[in-house]
Amino acid sequence: QVQLVESGGGSVQAGGSLRLSCAASGLTFSYYDMGWFRQAPGKEREFVAAIIWSGGSTYYADSVKGRFTISRDNAKNTVYLQMNSLKPEDTAVYYCAAGYRNPQLVTANRAYDYWGQGTQVTVSS
């Protein structure tokens, strides 16, 4: 079965950095667009970043543009989210997701077929 396993979350001070990883198994990784979403307490899950199956295009929420970078290594079946200049408002559970080649919808939850369990990111001021 398909598994997406996130790692790399933790607690940092404002201005710090973290790199999240999401290892995929049970699917042909290079066929899938990959996304990162986050959910803060009391809020709905929101789009953070996405990278299409080929790695040729990336997309970011305005709130993270210029601070976060998404990348993928198709040889390792892994997608990454490098998060720099972290702010307290970035505190959330971060989820990775895989969707089958639907780049027009990569910012939307409905574009994704599989989701990981999430990893907590806490940024203190």
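### Overview of the sheet that holds strand β3 (residues 18-25)
Alright, step 1. With antiparallel pairing, four strands are arranged side by side in an open sheet as β1-β3-β8-β7. For this open sheet the edge positions go to β1 (3-7) and β7 (68-73), each flanked by a neighbour on one side alone. Sheet twist, expressed as the mean angle between neighbouring strand axes with direction ignored, is 15°.
Alright, step 2. Direction of pairing for β1 relative to β3: antiparallel, over a ladder of five bridges. Considered in β3, the bridge of Leu4 is made with Ala24.

### So, the packing of aromatic side chains
Alright, step 1. A full pass over the atoms with the stated rule returns seven aromatic pairs.
Alright, step 2. Judged by centre distance (5.9 Å) and plane angle (65°), the ring pair of Tyr112 and Trp115 falls under edge-to-face.
Alright, step 3. Trp115 sits in the partly exposed class, given a relative accessible area of 26%.
Alright, step 4. Members of the aromatic cluster, joined through ring pairs, are Tyr31, Tyr32, Tyr100 and Tyr114.
Alright, step 5. Against the face of Trp115 rests Arg45, its NZ or CZ located 4.6 Å from the ring centre.

Calculation notes
- Residues numbered from 1 in each chain as written.
- Predicted model: local features only at pLDDT ≥ 70, side-chain atom pairs only at ≥ 80, totals over all residues.
- Heavy atoms only, no water.
- Pairing = 2+ DSSP bridges.
- Helix = DSSP H or I, 4+ residues; strand = E, 2+ residues; numbered from the N terminus.
- Axes fitted to C-alpha atoms, helices over the stretch in contact; angles between N-to-C directions.
- Phe/Tyr/Trp six-rings, centres within 6.5 Å; stacked < 30°, edge-to-face > 60°.
- Buried < 20%, exposed > 50% of the residue type's maximum accessible area, 1.4 Å probe, protein only.
- Lys NZ or Arg CZ within 6 Å of the ring centre and 35° of its normal.

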